[in-house]
Amino acid sequence: MNFSRIKESASSLRRTSGKKKATYAAGLLFNIFCYIILITIGYIVLYPLIYTIVTSIRTPESYLDPTRHWIPTSVYLGHYKRAIEYMEFGKSILNTVRYEMVSALLEVASCAVAAYGFARFNFKFKNIFMVILFLTILVPSPMIIIPLVTNFSHLDVLGIFGLLNKLTGIDLRLNLMGTGFTYWIPSFLGVGLRSGILIYIYIQFFKALPRELEEAAWIDGAGSFRTFLSIAVPSSGVVIITVTVFSLVWHWNDYFIASMYTVGESTLATAAAELPEIIKAHGEYGSAVTSGTLLAGTILYIVPLLIVYLFLQRGFIESVDRVGITG
Amino acid sequence: MRNKKRKGVESLKARDGLMFITPWIIGIVLFYLLPLIQSIVYSFSDVLLTADGMKISLTGISHYKYIITEHPDYTNMLTESLVSMVYQLPLIVILSMILAIMLNRDFRGRVFFRGLYFLPVIIATGIAMELIFKTTTTDISSSAPEAVAGSLFTTTDIMNFLNLPTGIADYVSNIVNNIFNLVWSCGIQIILFISGLQSIPGSLYEASHIEGATKWEQFWFVTFPMLGRITLLVVIFTMVELFTDTRNELMRHVSTLMKGGVYDQSSAMLWFYFLIVGGVIGIIMLLYNFKILKKWE
């Protein structure tokens, strides 16, 4: 009787260890499966980039050669020279930094302020404002770009200056089109490019931040803004990195708005708006020189971003784990 | 000071809260709500550009009538945009969810793979991607079609071999042809999903493990339901993204019209398009909320 029980327990032990082995094997298989998928799709991610780099340094002759190899035998920089010339590279990069990058950083700051207000305080009509905030995420910027452009060309505060103009003939309405203010003012107020989603990410983070420290500072007599600056901001490095990366990238790549703001103002054109100039200068897609130059221009255009990304990458990859966007 | 005390900390805090969002409110009114209303007005009127701004005269729904019934391309472009949205959306959402779950695990080379998969976030949101894909695809199709996915045999061969109905075969070969595009559209969605996965409390997994759930069951009964809200966010984000995609034929047409100064008709085109997409988003959200409410009852 006793003996049979021991036997039973021994066999059950063996069974569990067999089960463990099976789960271990399954885990290993699953790991291998994951690696295969990740590498395959990683190849798909990298392929266009490698292709772009290779094509941009190929000579136009070898480009048309069907027996060409993947790795070019010689490096040809003519495409880059032409791309720099057509894009007016120095000037357009400078413009991008001056207008887009500055407004990206302004947005990082202004969105944090607005989001803190939403996350930490209760006030009248908060729900209405939240709905409007959601609307800004939902309604894409092309919907409002035309009135924005026309308003900027005759800047007016709720029609007061326009009325003054009609009554007295004094025109106080400024024309801001063709200046950097078209980029800076909305970003400064926290309603710039895709600011809705940035505010949303901030709100999620601030809500998860423990209140105790801020309340202690509040009791010690610090004002709300002081509390925000010296307690909340220093402990939100994680979310600030994420938002900064998003904001920089979106502004750098912003084509639609930039091209609307710079219609006929080529001195203002950003790099993104200049890139298609290559096609205009060269004609249609498909010809060897056009493709090479276009891809060289693209490489030049994304290299600054890639450098910034390399610097922020480590923090960014880790921050994704801790931002805590919960939808 | 005493007055403040009587009013209570709450009202003080309310005032401070308003102080924080006042700039935003000003910005929203001036640079968002006002232009939004203006653009609706434009779509219902004739806009003439003059030296002193513009002359607006209301004409009712004539622009809408024109673009829907008479415009040669509008309805075609509209259906094309909507169809491509319908078939890309589920693929992007599912693909990015799978990739996020894989990248969220603890494995060797995690930092490397994450860096790799976040790369599209940097490049793919802009004009650069459009140019890369347009040039690469025109080059490849003119020189060597086999090189597209690096495959030895073409997808049509496989489809013929499997003898599938043409509808499915077209769908699959469409996916394969657009695989670069799809994978590159997943950048931010992957980040959103990873961030959502991280916010699932670990105790849920521990509890389910003690109860004897397998990994597979954990996925379906813990991970999947907990990702509900973030999935909704990803769906909405992807729809808005696809809506404003510069590769979108309709968007391109509208932007050339805008640059040419045709404000009224282009506004009408955009608004009609947005009404459909926004309507769909609204229905999705309503359904989702309805589901949540049912769960809570």
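Conventions and cut-offs
- Residues numbered from 1 in each chain as written.
- Chains lettered and ligands numbered in written order.
- Predicted model: local features only at pLDDT ≥ 70, side-chain atom pairs only at ≥ 80, totals over all residues.
- Heavy atoms only, no water.
- Helix = DSSP H or I, 4+ residues; strand = E, 2+ residues; numbered from the N terminus.
- Buried < 20%, exposed > 50% of the residue type's maximum accessible area, 1.4 Å probe, protein only.
- Contact = heavy atoms within 4.5 Å.
- Areas by Shrake-Rupley, 256 points an atom, 1.4 Å probe, with all protein chains shown as cover.
- pLDDT = per-residue confidence, 0-100.
- 1 Å grid on protein atoms, 1.4 Å probe; cavity = no way out; pocket = protein on both sides within 12 Å on 5 of 7 lines; lining within 4 Å.
- Points joined across faces, edges and corners; volume = space filled by probe spheres on them.
- Salt bridge = Lys/Arg side-chain N within 4 Å of Asp/Glu carboxyl O.
- Axes fitted to C-alpha atoms, helices over the stretch in contact; angles between N-to-C directions.
- Parallel < 35°, antiparallel > 145°, perpendicular 65-115°, else oblique.
- Left-handed = near helix turned anticlockwise from the far one by under 90°.
- Nonpolar A, V, L, I, M, F, W, Y, C, P; charged D, E, K, R; others polar.
- Polar contact = N/O pair within 3.5 Å; in protein donor to acceptor, adjacent residues only side chain to side chain.
- Expected span 1.5 Å × (residues − 1).
- Bend = angle between axes of the 7 residues up to and from the residue.
- Domains from an automatic or database assignment.
- Buried area = accessible area lost by both parts, 1.4 Å probe.
- Disulfide = S-S within 2.5 Å.

### Structural notes on the overall build of chain B
At step 1: Across its full length, chain B carries 14 helices and two strands.
At step 2: Out of the 297 residues belonging to chain B, those deemed buried represent 45%.
At step 3: By sequence separation, contacts in chain B at least 24 residues apart represent 70% of the contacts at least 6 residues apart.
At step 4: A total accessible area of about 15600 Å² is found for chain B, and carbon and sulfur atoms account for 66% of it.

### Regarding the confidence of the model for chain A
At step 1: For chain A, the average pLDDT comes to 80, and 80% of its residues sit at 70 or higher.
At step 2: Within chain A, the element-level pLDDT minimum falls on helix α7 (residues 160–168) of chain A, averaging 66, and the maximum on helix α4 (residues 89–120) of chain A, averaging 91.

### Re the layout of surface pockets
At step 1: Size it by volume and the largest pocket reaches roughly 1500 Å³.
At step 2: Counting only elements with at least two residues in the lining of the largest pocket, the list comes to α1 (2–56) of chain A together with α3 (74–104), α9 (187–198), α10 (202–210) and α11 (215–226) of chain B.
At step 3: Tallying contributions element by element places α1(A) first for the lining of the largest pocket, with 11 residues.

### Some thoughts on the pattern of salt bridges
At step 1: The final tally for this structure, using the stated rule, is five salt bridges over all chains.
At step 2: In this structure, the salt-bridge partner of A:Glu214 is A:Arg120, at a minimum N-O distance of 2.8 Å. One end of the pair, A:Glu214, is in helix α10 (residues 212–219); the other, A:Arg120, is in helix α4, with 94 residues separating them in the sequence.
At step 3: Its salt-bridge partner being B:Glu241, residue A:Arg194 comes within 3.2 Å of it at the nearest N-O pair. With A:Arg194 in the loop between α8 (181–189) and α9 (195–208) and B:Glu241 in helix α12 (residues 228–243), this residue pair bridges two chains.
At step 4: The partly exposed category is assigned to A:Arg194, whose relative accessible area is 29%.

### Observations concerning the packing of α4(A) against helix α11 (residues 224–232) of chain A
All names here are of chain A.
At step 1: As a packed pair, α4 and α11 sit with axes 12 Å apart at the nearest point and diverge in direction by 110°. The pairing of α4 with α11 is recorded here as roughly perpendicular in orientation. Between α4 and α11 lies a crossing whose hand is right-handed. Judged by residue contacts, Ala 112, Val 113 and Tyr 116 of α4 engage Phe 225, Thr 227, Phe 228 and Ala 232 from α11.
At step 2: For the contact of α4 with α11, a count of residues per class yields six nonpolar, one polar and no charged.

### Observations regarding the environment of A:Phe228
At step 1: Considering the arrangement of structural elements, one finds A:Phe228 in helix α11.
At step 2: For the pair A:Phe228 and A:Glu214, spaced 14 residues apart in sequence, the C-alpha separation works out to 7.8 Å.
At step 3: Those residues within four positions of A:Phe228 in sequence are excluded, and the remaining contacts are A:Ala112, A:Val113, A:Tyr116, A:Phe206, A:Val233 and B:Phe20.

### With respect to the side chain of A:Ser187
Residues and elements named next belong to chain A.
At step 1: Tracing the backbone shows Ser 187 in helix α8.
At step 2: The buried category is assigned to Ser 187, whose relative accessible area is 2%.
At step 3: Polar side-chain contacts of Ser 187 include one of 3.4 Å to the side chain of Glu 107.
At step 4: Those residues within four positions of Ser 187 in sequence are excluded, and the remaining contacts are Ser 103, Leu 106, Glu 107, Ser 110, Gly 192 and His 251.

### A few points about helix α4 (residues 110–123) of chain B
Residue and element names in this part refer to chain B.
At step 1: A rise of 1.5 Å per residue sets the reference length of α4, with its 14 residues, at 20 Å; its end C-alpha atoms lie 21 Å apart and thus fit the reference within 8%.
At step 2: Maximum bend of α4: about 25°, positioned at Tyr 117, with proline Pro 120 one to four residues after it.
At step 3: For α4, the complete set of buried residues consists of Phe 113, Arg 114, Gly 115, Leu 116, Tyr 117, Phe 118, Leu 119, Pro 120, Val 121, Ile 122 and Ile 123.

### Topic: the domain arrangement of chain B
All names here are of chain B.
At step 1: Taken domain by domain, chain B consists of domain 1 (2–43) and domain 2 (71–296).
At step 2: Around 400 Å² of area is buried between domain 1 and domain 2 when both sides are counted, 69% of it from carbon and sulfur atoms.
At step 3: Taken as a group, Ser 39, Tyr 42 and Ser 43 account for 78% of the area that domain 1 buries against domain 2, more than any other trio of residues on that side.
At step 4: At the surface where domain 1 touches domain 2, the tally comes to one residue pair in polar contact (both at pLDDT 80 or more).

### Topic: the environment of B:Val254
Residues and elements named next belong to chain B.
At step 1: The topology assignment puts Val 254 in helix α13 (residues 249–259).
At step 2: For Val 254, a relative accessible area of 1% gives the class buried.
At step 3: Among all residues touching Val 254, those that are not within four sequence positions of it are Ser 266, Met 269 and Leu 270.

### Brief notes about the packing of α3(B) against α4(B)
Residue and element names in this part refer to chain B.
At step 1: The interhelical angle for the contact between α3 and α4, taken along N-to-C directions, is 155°, at an axis separation of 10 Å. With respect to α4, the element α3 is oriented roughly antiparallel. Side by side, α3 and α4 meet where Leu 99, Leu 103 and Asn 104 of the first sit next to Arg 110, Phe 113, Arg 114 and Tyr 117 of the second.
At step 2: Tallied by class, the residues present in the contact of α3 with α4 amount to four nonpolar, one polar and two charged.

### Remarks on the interface of chain B and chain A
At step 1: Counting from both sides, the interface comprises 97 residues of chain B and, opposite them, 99 residues of chain A.
At step 2: Each partner contributes to the roughly 9200 Å² buried at the junction of chain B and chain A, and carbon and sulfur atoms together form 78% of this total.
At step 3: Among the residues chain B hides against chain A, the three largest losses belong to B:Phe20, B:Trp24 and B:Phe31. Together they make up 10% of the total.
At step 4: Linking chain B with chain A are one salt bridge.

### Focus: empty space enclosed by the protein
Residues and elements named next belong to chain A.
At step 1: Using the criterion set out here, one finds four cavities of 30 Å³ or more in the structure.
At step 2: Within the residue set of the lining of the second largest cavity, elements represented by two or more residues are α4, α10 and α11.
At step 3: Residue contributions to the lining of the second largest cavity peak at three residues, all from α10.
At step 4: Of the residues belonging to the lining of the second largest cavity, the class tally is three nonpolar, two polar and five charged.

### Topic: unusual backbone geometry
All names here are of chain A.
At step 1: Although it is not a glycine, Glu 88 adopts a positive phi angle of roughly 50°.
At step 2: The residue Glu 88 is located in the loop between α3 (78–87) and α4 in this model.
At step 3: Overall, Glu 88 belongs to the partly exposed group, its relative accessible area being 39%.
At step 4: Positive phi is not limited to glycine here, since Phe 125 has a value of about 60°.
At step 5: Position of Phe 125 among the secondary structure elements: in the loop between α4 and α5 (126–138).

### Observations concerning the state of the cysteines
At step 1: In this structure the tally under the stated criterion is zero disulfides over all chains.
At step 2: This cysteine, A:Cys34, is not joined by any disulfide, and B:Cys186 carries the nearest cysteine sulfur, 16 Å off.
At step 3: A relative accessible area of 2% places A:Cys34 in the buried class.

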